[in-house]
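Listed here are the chains, written in short residue letters.
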Amino acid sequence: MTEQVKPTGELLLRTLAMPADTNANGDIFGGWIMSQMDMAGGLMAKAISRGRICTVAVNGMSFYRPVAVGDAVCVYGNVRRLGNASMEIGLEVWVRPIAKGTDEHYRVTEAIFTYVAIDAEGKPRPLPKS
Ligand SMILES: CC(=O)SCCNC(=O)CCNC(=O)[C@H](O)C(C)(C)COP(=O)(O)OP(=O)(O)OC[C@H]1O[C@@H](n2cnc3c(N)ncnc32)[C@H](O)[C@@H]1OP(=O)(O)O
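Not measured: the values here are computed from a predicted model.

Engineer: I tried to follow the site of the ligand on my own but got confused; where do I start?
Structural biologist: Neighbouring the ligand are the residues Cys54, Thr55, Val56, Ala57, Gly83, Asn84, Ala85, Ser86, Thr114, Val116, Gly122 and Pro124. Measuring from an oxygen atom of the ligand, one finds a backbone N or O atom of asparagine 84 at 2.8 Å. Contacts to the ligand include alanine 85, whose backbone N or O atom sits 2.9 Å from an oxygen atom. Summarising the interface, the protein chains cover 42% of the accessible area of the ligand, which totals 1000 Å² for the free molecule. Elements with a contribution of two residues or more to the shell around the ligand: strand E2 (53-63) and strand E5 (106-117). Per-element accounting of the shell around the ligand gives the leading share, four residues, to E2. Looking at the shell around the ligand, its residues break down into six nonpolar, six polar and no charged.

Engineer: Please explain a nonpolar patch on the surface as it appears in this structure.
Structural biologist: Side chains of Leu16, Met18 and Ile98 sit close together on the surface and give an oily, nonpolar patch of about 260 Å² of accessible area. Mapped onto the elements, methionine 18 comes out in the loop between strand E1 (10-16) and helix H1 (30-49).

Engineer: Whenever I open this one, the pairing of E5 confuses me. Can you help?
Structural biologist: On a regular strand, each side chain points to the face opposite its neighbour's, so the side chains alternate between the two faces of the sheet. Most of E5 is tucked away: ten of the twelve residues are buried. In this structure, E2 lies alongside E5, joined through eight bridges in antiparallel fashion. Considered in E5, the bridge of threonine 55 is made with tyrosine 115. With ten bridges connecting them, strand E4 (residues 86-96) and E5 associate as antiparallel partners. Across the sheet, valine 95 pairs through a bridge with tyrosine 106, a residue of E5.

Engineer: Got a minute to help me understand the side chain of arginine 125 in this structure?
Structural biologist: Note on placement: arginine 125 falls in the segment after E5. Despite its burial, arginine 125 pairs with no opposite charge, the nearest such side chain being aspartate 119 at 7.1 Å. At 2.9 Å, the side chain of arginine 125 and the backbone oxygen of serine 49 are in polar contact. The contact partners of arginine 125, leaving out residues within four places of it in the chain, are Ser49, Arg50, Gly51, Arg52, Asn84, Ala85, Ala117, Ile118 and Asp119.

What counts as what
- Residues numbered from 1 in each chain as written.
- Predicted model: local features only at pLDDT ≥ 70, side-chain atom pairs only at ≥ 80, totals over all residues.
- Heavy atoms only, no water.
- Near = heavy atom within 4 Å.
- Polar contact = N/O pair within 3.5 Å; in protein donor to acceptor, adjacent residues only side chain to side chain.
- Areas by Shrake-Rupley, 256 points an atom, 1.4 Å probe, with all protein chains shown as cover.
- Helix = DSSP H or I, 4+ residues; strand = E, 2+ residues; numbered from the N terminus.
- Nonpolar A, V, L, I, M, F, W, Y, C, P; charged D, E, K, R; others polar.
- Patch = residues over 30% accessible without salt bridge, like charges linked within 9 Å, V, L, I, M, F, W, Y side chains within 5 Å.
- Salt bridge = Lys/Arg side-chain N within 4 Å of Asp/Glu carboxyl O.
- Buried < 20%, exposed > 50% of the residue type's maximum accessible area, 1.4 Å probe, protein only.
- Pairing = 2+ DSSP bridges.
- Lys, Arg positive; Asp, Glu negative; His and termini not counted.
- Contact = heavy atoms within 4.5 Å.

Structure, rendered in structure tokens:
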């Protein structure tokens, strides 16, 4: 893993890791983190496509460091590729362990999520031109 000093992309979502989101080790459950990423990327995909979307693929998912209860969890996104109906969005999760009272800010997870713009019948629709 290459240590990044700052996030890539736009801040899409900020939330707090809660006790209900822990796994058997007492750390935050990876599925919860993926869900936050999907929501954040989905927000960006909806804005780009100006309408309904669905998630079709998740690639290159890497978990670098654990997330603890009380951490501020921030999801950043950047557009990697726009196709006819599809959108590849690079997502990074960064943590601020605010409960520790430090200025630390580090990347814990990244992945590329692919979304497809769909119409009311769930069929792919072309992305708007501008
Ligand atoms: C919140 C949530 O959404 S949870 C996740 C739930 N997700 C779903 O229910 C999605 C289920 N999948 C589907 O309904 C269908 O696969 C659809 C509607 C997304 C796509 O239907 P398809 O018949 O595959 O459409 P088609 O072959 O025309 O592909 C449409 C676009 O999606 C892309 N695509 C489809 N499947 C994938 C995939 N697995 N990975 C990457 N891109 C994909 C295609 O490359 C194409 O991109 P382009 O238009 O930019 O060239």
